[in-house]
Amino acid sequence: MKKFLNKAKESFSHHQSNFQSPLQSEKDQVNMSPPTPNDVFRYRYHLGTNLGSIFVLERWLSGSMFLPSASGDSELDAVTAFVRERGVDEARRRWEQYYRDAVTDGDFDWLVNVARCTSIRLPVGWWMMGGDFTRGSPWEEIEGVHAGAWDAVREIVTRARSHGIGVLIDLHGLPGGANSEDHSGTSSGRTELWGNRDNLDLARRVLRFIAREVHNGMEGVIGIQVVNEAVFNATGMYDWYDQVIQTIGEVDESIPIYISDGWDLGRCLNWTTSRSIFGHTKKNPIVVDTHKYYTFDEKDRSRSPQEIIAQIPGELGELDGKEGSLGDRGEAQIIVGEWSCVLDGRTWSRVQPQEKDGLVSQFGHTQSQKWSQRAGGSFFWTYKMDWMDGGEWGFVEQTKRGNIFVPPYLTLSSNDIRNRAQVAQQRRGEMAAAAQQAHEDYWNRTSPGQPFEHWLYGQGWDAGFSDSLAFFTARAEGRMGNAGQGGDKIGCLEIWIKKRMLEADQRGAFKWEWEQGFRSGVKAFESVVGI
């Protein structure tokens, strides 16, 4: 190891004085292969939408799938009524046709070229796996209806990947229900996942199945969300998260794992940051999913649109002080998994009707800009429903109205990408030298005579710059399928740095210098290309 460190130090000094090409410095990294297309899919900024009520039906979105005799508003109610009236075979044909029609090639083209989506969040239910999973449950009698459901999921993932869109597989419905809502799959009104060993074990087995499927070739999956909207203060939730991370990690440690914040983002981030990136047996990236709605709470209903909009810039403050130092804590990485432009009627009653359109636009822009600044991605709720274009719930309508902020780098032409990348490469040497000098000067001034390993800062800077370049140019180089124009940035920076620190084996006393250098290299690249 000492021999390698001396070699790396000499290499960096040579790079600093002679401004060697980026490829030369990359050879000096430990186990640092260039980012793959799959890396870009998983770790870029996710501008996305939820697909909607396809595999987990909700009557308010997909009423056409519910016969009048359906006793409730959930998937189980819809299927049970259909089977009772028309039989399993006819129900299966109806459901599989619904899956086939869910997302057309025209939909994917629109998502890529108009909405500029990079990702979709795809809600699924545990009952779709059938077989032993549903044995002894109300789903067993109707499991034939969902016999082709998982194949339909695989088909959507494959088609999305070919269009340059990643897919977050969201286990929206879990055994017993992670919450009491219809979108858990039943209208029982009960929450029977938490504290129930059988249901928790079954959910973990379902997640193992999904992880194996992803590991065995479902390219384009950006992660697995293990639960949607866990109830507040759910019994044993964090112990179960530990078990699930172990289960998925045994299959594939590279798969990002998305967890629900349980409506308490601060507490959830305290948990993730308490888990040192070096101290656990499974190293899967952990992403916290938080949902932002301003229409259901009585406090929001009692306020004006202007008051709610004024609140948005202060959102996600739970991240303050938790990002930026993976050497001594776990990752603080979030996405906003659901948000919308919906406000309650009582809120709208506080303004004149002619003011609404402008305020909806302001509301949408203020939210989406905030999410792009502090989160690794955001997913509007939702894309598909019977009543397109969906009003303030509709991703299509809000996109058409220009109410969702699209980061400008997602609209750049391939030529512009290449030109900006060339300028970055030309300026790379001088920027690296200036950053290294500033780093050394700071520590020589504030801690004179103290031992450091400043060469690690330079090595980290080089890695951060190189990785940012690879993300930015991936589409222009044709590595992302038919992804259209635009560049990408490392949006999920905390978990990407975790991955890179582990690959580079940065565990020593001065690993913080490498990490600071990496972050500085990312910022330098983004600054010079204007993203």
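None of these values were measured; they are calculated from a predicted model.

## Remarks on the pattern of salt bridges
All chains considered together, the criterion is met by 39 salt bridges. The residue Asp107 makes a salt bridge to Lys384 at a minimum N-O spacing of 2.9 Å. Of this pair, Asp107 sits in helix H6 (residues 105-113) while Lys384 sits in the loop between strand E8 (377-380) and helix H15 (395-400), placing them 277 residues apart in sequence. Its salt-bridge partner being Lys489, residue Glu526 comes within 3.9 Å of it at the nearest N-O pair.

## With respect to the state of the cysteines
In the structure shown here, the tally under the stated rule is zero disulfides. The thiol of Cys268 is unpaired, and the distance to the nearest cysteine sulfur, on Cys492, comes to 15 Å. Left without a disulfide partner, Cys341 is nearest to the cysteine sulfur of Cys117, which lies 14 Å away. Under the relative-accessibility criterion, Cys341 is labelled buried at 0%.

## Side note on the sheet that holds strand E7 (residues 334-343)
Here we have eight strands rolled up into a closed barrel, ordered E1-E2-E3-E4-E5-E6-E7-E8, and parallel in their pairing. Direction aside, neighbouring strands of the sheet carry axes that sit 30° apart on average. One ladder, built from four bridges, connects strand E1 (residues 46-50) with E8; its direction is parallel. By the bridge assignment for E8, Gly48 is matched with Phe379. The strands touched by helix H7 (residues 149-162) within the sheet are strand E2 (119-125), strand E3 (166-173) and strand E4 (221-225), with E2 carrying the most contacts at an inclination of about 175°. Where helix H10 (residues 265-273) meets the sheet, it contacts strand E5 (257-260), strand E6 (286-294) and E7, and its direction lies at approximately 175° from that of E6.

Procedures and definitions
Residues numbered from 1 in each chain as written. Predicted model: local features only at pLDDT ≥ 70, side-chain atom pairs only at ≥ 80, totals over all residues. Heavy atoms only, no water. Salt bridge = Lys/Arg side-chain N within 4 Å of Asp/Glu carboxyl O. Helix = DSSP H or I, 4+ residues; strand = E, 2+ residues; numbered from the N terminus. Disulfide = S-S within 2.5 Å. Buried < 20%, exposed > 50% of the residue type's maximum accessible area, 1.4 Å probe, protein only. Pairing = 2+ DSSP bridges. Axes fitted to C-alpha atoms, helices over the stretch in contact; angles between N-to-C directions. Contact = heavy atoms within 4.5 Å.

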